[in-house]
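# Survey of secondary and tertiary structure
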Amino acid sequence: MPEIKVTPLGAGQDVGRSCILVSIGGKNIMLDCGMHMGYNDDRRFPDFSYVTQNGRLTDFLDCVIISHFHLDHCGALPYMSEMVGYDGPIYMTHPTKAICPILLEDFRKITVDKKGETNFFTSQMIKDCMKKVVPLNLHQTVQVDDELEIKAYYAGHVLGAAMVHIKVGSESVVYTGDYNMTPDRHLGHEHVVCSAAWIDKCRPDILISESTYATTIRDSKRCRERDFLKKVHESIERGGKVLIPVFALGRAQELCILLETFWERMNLKAPIYFSTGMTEKANHYYKLFITWTNQKIRKTFVQRNMFEFKHIKAFDRSYADNPGPMVVFATPGMLHAGQSLQIFKKWAGNEKNMVIMPGYCVQGTIGHKILNGQRKLEVEGRATLEVKLQVEYMSFSAHADAKGIMQLIRMAEPRNVLLVHGEALKMEFLKGKIEQEFSIDCHMPANGETITVTTNPSVPVDISLNLLKREMALGGTLPDPKRPRSMHGTLIMKENSLKLVSSEQALKELGLNEHQLRFTCRVQLQDPHSDPDTLHRIYTHLKSVLKGYTIQHLPDGTVMVESIVIKVSSSAEDTNAKVLLLSWSYQDEDLGSFLSSLLKKGLPSGLC
Amino acid sequence: MKLYCLSGHPTLPCNVLKFKSTTIMLDCGLDTTSVLNFLPLPLVHSPRLSKLPGWIFKDGTMNLEKELKECAGRVFVDSQPEFCLPERELLDLSTIDVILISNYHCMMALPYITEHTGFTGTVYATEPTLQIGRLLMEELVNFMERVPKAQAATCWKNKDIQRMLPGPLKDAVDVWTWKRCYSMQEVNSALSKVQLVGYSQKVELFGAVQISPLSSGYSLGSSNWIIQSHHEKVAYPMDQSSLKNSDVLILTGLTQMPTANPDGMLGEFCSNLAMTIRAGGNVLVPCYSSGVIYDLLECLYQFIESANLGTTPFYFISPVANSSLEFSQIFAEWLCHNKQTKVYLPEPPFPHAELIQTNKLKHYPSIHGDFSSEFRQPCVVFTGHPSLRFGDVVHFMELWGKSSLNTIIFTGNDGRQRLNTGCAVSRLGDDRLKDSFRTVLSEPDFSYLDALAPYQPLAMKCVYCPIDTRLNFHQVSKLLKEVQPLHVVCPEQYTQPPASQSHRSDLMLELQPPPMPYRRCSVLNLPFRRRYERVYILPELANSLVPTEVKPGVSVATVSAVLHSKDNKHTLQSVPKPPPAPPSKKRKRVMEEPPVVLAPKPLLSGAVPLEAFLTTLQKHGITEVKVEEAGDGHILHLQAEDTLIQLEEDGTHIVCDNNEPLRATLRDLVLRFLQKL
């Protein structure tokens, strides 16, 4: 039985360093290649020695697919391709291809230049790695090789985020990456109005879904937005400073659009800053990839580009000490390094200030700690930092919640679900729900654990049109359950082709001679009639016994049952002792055999 | 399979393909050359045009001077310009299931088809094709509605009158079916029926046919369509790699300008432009608002400084100028590699963004409003419509036509030859094609002399720089040799040299077998025999099959199965086991029940080798065998059993009386040596 194997190297019952290996139809695919924000040691990257102990990965992988540009999905890519060694194709969408190297370079700078780590990938490695990238368009069917095909779908998580359908023959797997089923202010798919991500009813053997918010059913987005604006507004009113740690692309744009419109409407004057560098560049990407944003933005972009902000200015680090209220968007989003962490340290001591965490924080990050109520922090080994400012959590990260995950399963109708990118306890809960509602198996492997799913693919075959048409004419399009009509043919297997033709055509096509196997059998019979009468009595007898068969009494003194020939002769000595000669071919073997034993029993007396 | 040809214009095709019970329209081109028979629509009152004399029959019998005006010896219809629509009588257009669009020029007749024929299907196009097509339609509607004309001339269309008119009016075809431009409402409704597709996306139609657009490299988002079932492939028009093994190739939109090297032409364009400006004249470039203009602007971007044109204003005037320039920048995914790389920086893919930023290029929705106050001369103006019959270009013709300092530069092909241009055939091979990608390669055309006719006499200089990098005949022949389609279908114009150059046999398609030509209203029966269909064998049945090798590398298995057919998908599953026969009361009669044959016996092949067979018989205790040679084979006499076996090359005959078990044994032994099919 064919099998599909799935092994997470990262993101198995965990969030961070997403990296999932899939073996399907003899092909090996790596889905995402991320880093873990919670670790600074070896655990930061997936353990590629699982694939091979020594040597390069190229021989073991047919392709690598990156779902979107977040570092927990692509952060280990240059390490994997340039330091471990992989030269095969790496697939990602155009926006991901554009943005991913910039985030990788930032990541490298923070790690090497600021923290002084060595043995890390270099700028050149990032460039070399990106040369191996093959861009993917949405809905384009990409033929990786003759058998393996992949197709990207809109995931609505961040600009360019994609889900991917991987297919070999009739076996297939869908990998969601991170996705969002609720359309928002800047992302949304043209296909559907009511959800952001969208996929065909492609009935994959396995759906590999993220499950960040496996147990959450979020209240309406409108409420969350109102709540967010209210908190920001209140804090500004009382003269406080608001820090919003974000990742440069994604929620940042969403919240900027939100605040921009609010500032405009309320005529607010407090400055909004966006931390340096990335802002303008990031917004430029959104402008150039406007086709990836939602319908509304796309429709109006000629008149007014939503990504040209009036109220939001670039941030300079000196502004942090300015008096008076302000709102600052700063990177990164989990307060684990960089500018957001610096500002946080400055502002943490004042209870008038506020930090709003708009997304998920990985364990080990400061973001995670303060969200769990920790009020005293050890920051980089220095004195403890007293956290007095208000800490708010508001889930704006564009992940599907439990409802969204169920919705996607309904869309795709998979035969199995496999959960990754979530916490074990929450997964457990969702797994139960999925199994109950859809009656399908749901798996949640830990890192390094392999899930094997046996598939049962049907075999595509080319049937000769003659045979098909003949059968459809005889049997009609719908088979009759009471009298199943079977069709017969010969399957010719040559190299990779499978052809189903009639047996006669098969002989012809293969250039084979037909071998006739015939049987002749003499049956002795006592019947006091003339030979022709006996023959007629046989005819009448068979007529009554064999319903639904073609029986003919031919003028040349034979009876034919289908293609079985029956002749009568009598011996010279005893005219009542008849000899029946039965002759049939192998194709009528069952009937011939039946007839010979039937006639041996003699003819019933009642025959006329 | 049948092909209905609804347009005779080789570059603005409209064909309908009936294939496997689906009806597919391939492109929906609008033949706009009909507008050349009409007077231009001026934006502001033109004393010259309004003073043109009416045309009167020589014998004075009929007076059509209200409808027909004469200018420089040619007769024009004074009415709202009308278009020649695709043929509507050839087949019932409401039966069309889908319309496939190759590029934005080939969809201009869409509202006529989707809104007025009972069409209920879906239109497939790529996103750039839809967006830019919408702009071109919007522009067309705007041009017409801006200067409404009360008069609708119809008398001249009367058959008896038309045949008395001078050419080319006399020879215009189907003038009664000519229609005025559609409305914006009809455009919106038509475009709401468009379903977007991406390159290489596979779309299933009714489970019977799969369609897929591939990049053709002709224009932003332009596609070649591959229409295929599992066993048949129709390519329209084409792309090399995926074209291989096509059964039918429908070929339209070739260039026939083998002498005009596009890069050379761009150079000529620039030098003519610079010369005119230096002499203090103005340059008018009639063009569509999307397409070649991006190329021209890119070329000028590199040229402006070196030619010392830094201070010359460049104007682009169209109701959709701004949208067109903006849209061109957001389709990076549809562009060539070089342009994609720019977006990664991030920089706009086309340099006209910089021309706009530095104020070198200005765009306006029309000559009214801001333009009239900011307008400086000498200058370069890009504007439409290329037919010179409507749009802002009419104004500039009236304004500049009288001075020999000014120049008009045509970049489209010469329509007189009716040879060139059209949809999506393009350079060889996808990759090479993308590298040499030049957004739009040419405009569907108007003869520039015909276009200029109602402005004669003209003092303005006239330059003709056809820019067309579509495939020429030499390239096509080479390509066809490589991809070897079984049949090629093309407009009849491609099968003979142009009338004006009848000796140029290189300006036609010569193929073996010869291509099948079509013209307007042709119905072609495509010689196409389907022989196979895809069927799926369900796993249970597949596992029960027993293959045997009949030749090295070739195995066969006999299959008995139940066929299920649903939505044009066929599956085979195992024959269900018959329910056990109900216990019969009359046991004796059971014997007489004829056998229920579930599977017929397979055909046999091969031969029974004598020696090996004898050995096998021996193993089964049959030792007394007398072998006689007879004819082609041998007769084996099993003396103890009084049974004969005749072994021949292509047959075996077992004669065995009254010993059913023996017969069955012998049968099975013989079968061991034979292959079953």
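Computed from a predicted model, the values in this text were never measured in an experiment.

Right, let's get into helix H2 (residues 77-85) of chain A. For H2 of chain A, the complete set of buried residues consists of Leu77, Pro78, Met80, Ser81 and Gly85 of chain A. Turning to H2 of chain A, the residues buried within the fold contact strand E3 (27-31), strand E4 (63-65), helix H1 (71-74), strand E5 (90-93), helix H3 (94-114) and helix H4 (123-131) of chain A.

Here we take up the packing of aromatic side chains. Under the defined criterion, the tally for this structure stands at 33 aromatic pairs over all chains. A cation over a ring is seen here: arginine 44 of chain A above phenylalanine 45 of chain A, with NZ or CZ 5.5 Å from the ring centre. When the ring centre of phenylalanine 519 of chain A is taken as origin, the NZ or CZ atom of arginine 663 of chain B, which lies over that ring, is 4.8 Å away.

Residues and elements named next belong to chain B. Pairing within the open sheet is mixed, and its 7 strands lie in the order E8-E7-E6-E3-E2-E1-E22. Of all strands in the sheet, those with a lone pairing partner are strand E8 (194-196) and strand E22 (523-525), marking the two edges. With strand direction ignored, the average angle separating the axes of adjacent strands in the sheet is 25°. Both strand E6 (residues 98-100) and strand E7 (residues 122-125) contribute to a ladder of 3 bridges, which runs parallel. Among the inter-strand pairings, valine 98 is bridged to a residue of E7, identified as threonine 122.

With that settled, consider the packing of helix H3 (residues 127-146) of chain B against helix H5 (residues 184-191) of chain B. All names here are of chain B. As a packed pair, H3 and H5 sit with axes 10 Å apart at the nearest point and diverge in direction by 165°. If you check the angle between H3 and H5, you find them roughly antiparallel. Remark: the crossing between H3 and H5 carries right-handed chirality. The residues of H5 that touch H3, namely those facing Leu130, Arg134, Met137, Glu138, Val141 and Glu145, are Met184, Val187, Asn188 and Leu191. Split into classes, the residues belonging to the contact of H3 with H5 amount to 6 nonpolar, 1 polar and 3 charged.

Once that is clear, we can look at the confidence of the model for chain B. Residues and elements named next belong to chain B. Overall, the prediction assigns chain B a mean pLDDT of 82, with 85% of residues at 70 or greater. Under a pLDDT of 50 for its full length, residues 413-444 has, in the predicted model, 162 contacts with residues more than four places off or in other chains. Here residues 586-590 is modelled with pLDDT under 50, and outside its nearest four sequence neighbours on either side it reaches 1 contact, counting other chains as well. Across the whole predicted complex the pTM is 0.81, and at the interface the ipTM reaches 0.76.

This brings us to the interface of chain A and chain B. Contacts between chain A and chain B engage 91 residues on the former and 94 residues on the latter. The contact between chain A and chain B buries some 8,000 Å² in all, and 58% of this surface belongs to carbon and sulfur atoms. The largest per-residue losses of area from chain A upon contact with chain B belong to Leu288, His515 and Tyr586 of chain A, which jointly make up 9% of the total buried on that side. The interface formed by chain A and chain B includes 6 salt bridges. For arginine 522 of chain A, the salt bridge goes to aspartate 657 of chain B, with nearest N and O atoms at 2.7 Å. Taken together, the links from chain A to chain B amount to 34 residue pairs in polar contact (both at pLDDT 80 or more). Partitioned by chemical class, the residues of the side of chain A that touches chain B number 42 nonpolar, 27 polar and 22 charged. Bridge analysis of strand E24 (residues 487-494) of chain A against strand E25 (residues 554-566) of chain B gives 8 bridges, and the strand direction is antiparallel. The residue of E25 of chain B that forms the bridge with threonine 490 of chain A is threonine 558 of chain B.

Moving on, we come to the pattern of salt bridges. Opposite charge on two side chains makes pairing possible when the charged atoms of those side chains draw close. Tallying each qualifying case throughout the model produces 47 salt bridges over all chains. We note a salt bridge from aspartate 200 of chain A to lysine 151 of chain A, for which the minimum N-O separation is 3.4 Å. Residue aspartate 200 of chain A is found in the loop between strand E10 (171-175) and strand E11 (206-210), and its partner lysine 151 of chain A is found in strand E8 (residues 148-154); the two are separated by 49 residues along the sequence. By relative accessible area, which is 26% here, aspartate 200 of chain A ends up partly exposed. The exposure class of lysine 151 of chain A is buried, given its relative accessible area of 12%. Lysine 20 of chain B is paired through a salt bridge with glutamate 533 of chain B; the nearest N and O atoms lie 3.0 Å apart. Of the two residues, lysine 20 of chain B sits in the loop between strand E2 (15-19) and strand E3 (22-26) while glutamate 533 of chain B sits in strand E23 (residues 532-537), which places them 513 residues apart along the sequence. In this structure lysine 20 of chain B comes out as buried when scored by relative accessible area, which is 15%. According to the relative accessible area criterion, glutamate 533 of chain B is buried, its value standing at 7%. Beyond isolated ion pairs, a larger network of salt bridges with shared partners links Glu589 of chain A together with Glu660, Arg663, Arg667 and Asp668 of chain B.

What counts and what doesn't
Residues numbered from 1 in each chain as written. Chains lettered and ligands numbered in written order. Predicted model: local features only at pLDDT ≥ 70, side-chain atom pairs only at ≥ 80, totals over all residues. Heavy atoms only, no water. Buried < 20%, exposed > 50% of the residue type's maximum accessible area, 1.4 Å probe, protein only. Helix = DSSP H or I, 4+ residues; strand = E, 2+ residues; numbered from the N terminus. Contact = heavy atoms within 4.5 Å. Phe/Tyr/Trp six-rings, centres within 6.5 Å; stacked < 30°, edge-to-face > 60°. Lys NZ or Arg CZ within 6 Å of the ring centre and 35° of its normal. Pairing = 2+ DSSP bridges. Axes fitted to C-alpha atoms, helices over the stretch in contact; angles between N-to-C directions. Parallel < 35°, antiparallel > 145°, perpendicular 65-115°, else oblique. Left-handed = near helix turned anticlockwise from the far one by under 90°. Nonpolar A, V, L, I, M, F, W, Y, C, P; charged D, E, K, R; others polar. pLDDT = per-residue confidence, 0-100. Buried area = accessible area lost by both parts, 1.4 Å probe. Salt bridge = Lys/Arg side-chain N within 4 Å of Asp/Glu carboxyl O. Polar contact = N/O pair within 3.5 Å; in protein donor to acceptor, adjacent residues only side chain to side chain.

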